[in-house]
Amino acid sequence: MPAPHATAPRPYTLLLLFISGIGGLLYGYDVGIIGAALLFLGKTVQLSLAQTSLVVAAVTGGGAASSVVGGWLADRIGRKKVMIVAALVFAASVLLIVTAHGFRPLLFGRALQGLSAGMIAVVIPLYLAECLPARLRGRGTAAFQLVLTIGIMAAVGVGAFYTRGVDAAPAGDPAALAAAQDHAWRAMFLSALYPALLFLAGSCLVTESPRWLLRRGRVEEAHEALERSQGPREAEAEFARMLPVAAPVAGAGPGPLLQRRYLVPFFLACAVLGLTQTTGINSILQFVVVILQQAGLAPAAAAARATGVTAVNVAFTLAGLVLVDRLGRKALLMIGTGGITASLLAAAAVFTRSARGPATGDLVMGCLMVFIASFAIGPGVCVWIALSELMPTRIRSLGMGVGLLLNQGISAGLAAVFLPVVGRWGYGPIFLFCAACTAVYFLVAAVLLPETKGKTLEEIEAAFSRPPAPSRP
């Protein structure tokens, strides 16, 4: 009779989740802080519009580059060391930005932040998936997304705090106002240094991934690492399942992505990642105030109502965190993509009306709130889990890097065409396009995506490797 599962996480598992959560916080904080900093950055540092755009975009470029490099490094030097490198790079980027007085150091500092964020996005879900027991893996990996959204909300709060300090500066004293503005944007970025140092210290305390150690032939270390995170009884059972699957390849790089047995899980994970961005989530979050203004709300009202987006994002991500190991990944993705499709179709219909005003703005706001809630409880929570669970052990790190590169590339492409398309044809067509893509996403989740709830990584890999059952005559 199998040993019963423990009902509560072990203290070390809680530490592991906490440190990984700090990594998610850094990722989200990096995304959210630039918006408030831009209010004052251009007033104290001489930047052209093109240079300001490059400073903003540098994070995306750095993240895209490091998504593949991070996966390669995670296979070469280990998951734990990549976490340490990411923390050091992030800390260095903060110091470079807060001491910058020109375009080049700002650009380089933001690019370093992107490099760090890209490595974090690869290595944290990967590390959690390989360390946590199957019964906690869904909630543990989804917690990365939850803390990421909290990081965005925290950045908004920090930005608002330092903005109030600028508002309190004497308006009749240009020198004092300039000093307050300069202090504000530098302090916003400097505030990210403290969680970065905490993440660095914590990354030094956790063990290496047991599956990475096992693939390097370090069997005893792998067993000890697994036992530390899961306990002796649970670790014994999972270790027995790991041994036949993990082939020791000391010093070797990742497995070839296009081996026949890897094709289906690799392309399925890439489809989930790519379709997640075709929902339009990043573009809608970035332009939500503009969308509400175009719908008829006054600028102040649009900005005030847009702040509710971050709270909805956090609340429904928390709901997804609770449900992901109960309802399963497949069910949540279907619920989320169904809600996204309906809300985008409704928003497109509202924008086809000729009237514009507060009533229309309220309707659009309602559609966007349903959109954000549906994304948070579905793709927002499940995308990191699907990415880490579907990829087989041999290709997991490199495959996750390639998948994230696709994810960020689609995000950047959609953001680049969003405003030009809106300027020429309005919001209706872009919402209809995203709704159509999300309908395809729903079908992929319903028809092609296997349910991985409660299964070990080795069981999921074995299911993909198993030949299809012969058809009956």
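Please refer to the structure placed before this passage.
Residues numbered from 1 in each chain as written. Predicted model: local features only at pLDDT ≥ 70, side-chain atom pairs only at ≥ 80, totals over all residues. Heavy atoms only, no water.

Asks: Describe the overall build of the chain, naming the residues involved and giving the relevant values.
Replies: Secondary structure assignment for the chain yields 20 helices and zero strands. Here the chain, with 473 residues, has 55% of them falling under the buried criterion. A fraction of 84% describes how many contacts in the chain between residues 6 or more apart in sequence connect residues 24 or more apart. Roughly 19300 Å² of accessible area belongs to the chain as shown, and the carbon and sulfur atoms make up 70% of that amount. (Helix = DSSP H or I, 4+ residues; strand = E, 2+ residues; numbered from the N terminus. Buried < 20%, exposed > 50% of the residue type's maximum accessible area, 1.4 Å probe, protein only. Contact = heavy atoms within 4.5 Å. Areas by Shrake-Rupley, 256 points an atom, 1.4 Å probe, with all protein chains shown as cover.)

Asks: Please give an account of the packing of aromatic side chains that cites residues and values.
Replies: The description of two aromatic rings rests on the distance between their centres and on the angle between their planes. Overall, the coordinates contain six aromatic pairs when judged by the stated rule. Judged by centre distance (5.0 Å) and plane angle (80 degrees), the ring pair of F161 and Y162 falls under edge-to-face. Y162 gets classed as partly exposed once you look at its relative accessible area, which sits at 22%. Here the aromatic rings of W185 and F189 are separated by 6.3 Å at their centres, their planes lie at 80 degrees, and the arrangement is edge-to-face. Taken together, the positions of W185 and F189, both in helix α6 (residues 174-190) and four residues apart, correspond to about one turn of that helix. Taking the relative accessible area as the measure of exposure, F189 reaches 2% and is therefore buried. (Phe/Tyr/Trp six-rings, centres within 6.5 Å; stacked < 30°, edge-to-face > 60°.)

Asks: Describe the pattern of salt bridges, listing the residues and the values that go with them.
Replies: If you walk through the whole model with that rule in mind, you get five salt bridges. The partner of R186 in a salt bridge is D182, with the nearest N and O atoms 3.0 Å apart. Here R186 and its partner D182 are both found in helix α6, four residues apart, which amounts to about one turn of the helix. Across the salt bridge formed by R218 and E221, the nearest N and O atoms sit 2.9 Å from each other. Exposure remark for E221: the relative accessible area of 37% places this residue in the partly exposed category. Through salt bridges with shared partners, a single ionic network connects D75, R79, E130 and R215. (Salt bridge = Lys/Arg side-chain N within 4 Å of Asp/Glu carboxyl O.)

Asks: Just give me the short version of the nonpolar core, but keep the residues and values in it.
Replies: Membership of the largest hydrophobic core comes to 89 residues, with the highest contact counts inside it found for M83, L106, I120, I124, W185, F189 and F199. Sorting elements by how many residues they give to this core places helix α4 (residues 103-131) first, with 14 residues. Once residues lying within four places of it in the same chain are set aside, the contact partners of M83 are I19, V123, I124, Y127, F199, S203 and V206. (Core = buried A, V, L, I, M, F, W, Y, C linked by side-chain atoms within 4.5 Å.)

Asks: Please set out helix α15 (residues 308-323) residue by residue, giving values where relevant.
Replies: The end-to-end C-alpha distance of α15, which contains 16 residues, comes to 23 Å, matching closely the 22 Å that a straight helix rising 1.5 Å per residue would cover. All of the buried residues along α15 are V309, T310, V312, N313, V314, T317, G320 and L321. (Expected span 1.5 Å × (residues − 1).)

Asks: Account for the packing of helix α3 (residues 79-98) against α4, naming residues and giving values.
Replies: Relative orientation of the contacting elements α3 and α4 amounts to 155 degrees, with a least axis distance of 8 Å. As the angle between them shows, α3 and α4 are arranged roughly antiparallel. When you trace α3 past α4, the crossing you get is left-handed. A per-class count over the contact of α3 with α4 returns 20 nonpolar, four polar and three charged. (Axes fitted to C-alpha atoms, helices over the stretch in contact; angles between N-to-C directions. Parallel < 35°, antiparallel > 145°, perpendicular 65-115°, else oblique. Left-handed = near helix turned anticlockwise from the far one by under 90°. Nonpolar A, V, L, I, M, F, W, Y, C, P; charged D, E, K, R; others polar.)

Asks: Break down the side chain of E130 for me, citing the residues and quoting the values.
Replies: On the secondary structure map, E130 appears in helix α4. On the accessibility criterion, E130 (0% relative accessible area) is buried.

Asks: Talk me through the packing of α3 against helix α7 (residues 193-205); I want residue IDs and the actual numbers.
Replies: For any two helices packed against each other, the geometry is given by the interaxial angle and the distance between the axes. α7 packs onto α3 with a crossing angle of 160 degrees between their chain directions and a minimal axis gap of 9 Å. Here α3 lies roughly antiparallel to α7, going by the angle between them. Judged by the sense of rotation from one axis to the other, the crossing of α3 with α7 is left-handed. Within the contact between the two elements, α3 uses K80, M83, I84, A87, L88, F90, A91, V94 and L95 and α7 uses L193, A196, F199, L200, S203 and C204. Class assignment for the residues of the contact of α3 with α7 results in 13 nonpolar, one polar and one charged.

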